[in-house]
Amino acid sequence: QVKLFESGGGLVQPGGSLRLSCAASVRPFSSYCMAWFRQPPGKEREFVAAISRGDGSAFYVDSMKGRFTISRDNAKNTVYLQMNSVKPEDTAVYHCAATIRDFSTTPAEYDYWGQGTQVTVSS
């Protein structure tokens, strides 16, 4: 069964904005911590952001604070990643992930993964 499905990727110019969406079929959706990871070409998968299952607290890599915003809509079973002021180094395949465990920045701690959506930042 497909549990997560990402959309919203594409080509964007440096300094532009993009919003990624992840539709989830996990139930109950509100019981899962949701996260975004990315994998640049030729590099390992890295943590981007996460949002808790409890109070909705968001977590980011320091270098991404102020540019990226993660949010969730439990009524729509969807998590979002708003990307602003994008840079060429943001180019990567972005993956949505879900876990019933506590928040983690480690990919191995997540139970479900989407297929990924390509984000390319180029002029």
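Residues numbered from 1 in each chain as written. Predicted model: local features only at pLDDT ≥ 70, side-chain atom pairs only at ≥ 80, totals over all residues. Heavy atoms only, no water.

Notes on the overall build of the protein
Thought 1: Scanning the protein from terminus to terminus reveals 0 helices and 11 strands.
Thought 2: Ordered by position from N to C terminus, the α and β elements of the protein give β-β-β-β-β-β-β-β-β-β-β.
Thought 3: Scaling as 2.2 N^0.38, a compact globule of 123 residues should have a C-alpha radius of gyration of about 14 Å, and the protein matches this with 13 Å.
Thought 4: With respect to the three principal axes, the spread of C-alpha positions in the protein is 40 × 30 × 25 Å.
Thought 5: Every one of the 123 residues in the protein was classed for burial, and the buried ones make up 42%.
Thought 6: Within the protein, contacts between residues separated by at least 24 positions form 56% of all contacts whose residues are at least 6 apart in sequence.
Thought 7: For the protein, the accessible area works out to roughly 6,300 Å², and carbon and sulfur atoms hold 47% of it. (Helix = DSSP H or I, 4+ residues; strand = E, 2+ residues; numbered from the N terminus. Rg over C-alpha atoms; globule rule 2.2 N^0.38 Å. Buried < 20%, exposed > 50% of the residue type's maximum accessible area, 1.4 Å probe, protein only. Contact = heavy atoms within 4.5 Å. Areas by Shrake-Rupley, 256 points an atom, 1.4 Å probe, with all protein chains shown as cover.)

With respect to the pattern of salt bridges
Oppositely charged side chains can pair when the atoms bearing their charge come close.
Thought 1: The final tally for this structure, using the stated rule, is 5 salt bridges.
Thought 2: D90 is paired through a salt bridge with R67; the nearest N and O atoms lie 2.8 Å apart. Taken together, the residues D90 in the loop between β8 (78–83) and β9 (92–99) and R67 in the loop between β6 (58–60) and β7 (68–73) connect sequence positions 23 residues apart.
Thought 3: Through salt bridges with shared partners, a single network forms among R38, E46, R67 and D90. (Salt bridge = Lys/Arg side-chain N within 4 Å of Asp/Glu carboxyl O.)

Notes on the state of the cysteines
Thought 1: Counted according to the given criterion, the structure contains 1 disulfide.
Thought 2: Between the sulfur atoms of C22 and its disulfide partner C96 the distance amounts to 2.2 Å. One disulfide, between C22 and C96, carries an S-S torsion of -85 degrees and so falls in the left-handed class. Taken together, the positions of C22 in strand β3 (residues 18–24) and C96 in strand β9 put the pair 74 residues apart, joining distant regions of the chain.
Thought 3: The thiol sulfur of C33 is not disulfide-bonded, and the nearest other cysteine sulfur, from C96, lies at 10 Å. (Disulfide = S-S within 2.5 Å.)

A closer look at unusual backbone geometry
Thought 1: A cis amide bond links R27 to the next residue, P28, at an omega of -15 degrees.
Thought 2: Although it is not a glycine, N77 sits at a positive phi angle of roughly 55 degrees.
Thought 3: Along the chain, the position of N77 falls in the loop between β7 and β8.
Thought 4: Phi at S85 takes a positive value of approximately 50 degrees, unusual for a residue other than glycine.

Comments concerning the environment of R72
Thought 1: Counting through the fold element by element, R72 comes out in strand β7.
Thought 2: The sequence separation of R72 and R53 amounts to 19 residues, and the corresponding C-alpha distance is 9.6 Å.
Thought 3: For R72, the contacting residues outside a window of four places in its chain are F29, S30, Y32, C33, M34, I51, S52, R53, T78 and V79.
Thought 4: One polar contact links the side chain of R72 to the main-chain carbonyl oxygen of S52, over a distance of 3.1 Å.
Thought 5: Looking at R72, its side chain comes within polar contact range of the side chain of N74, at 2.9 Å. (Polar contact = N/O pair within 3.5 Å; in protein donor to acceptor, adjacent residues only side chain to side chain.)

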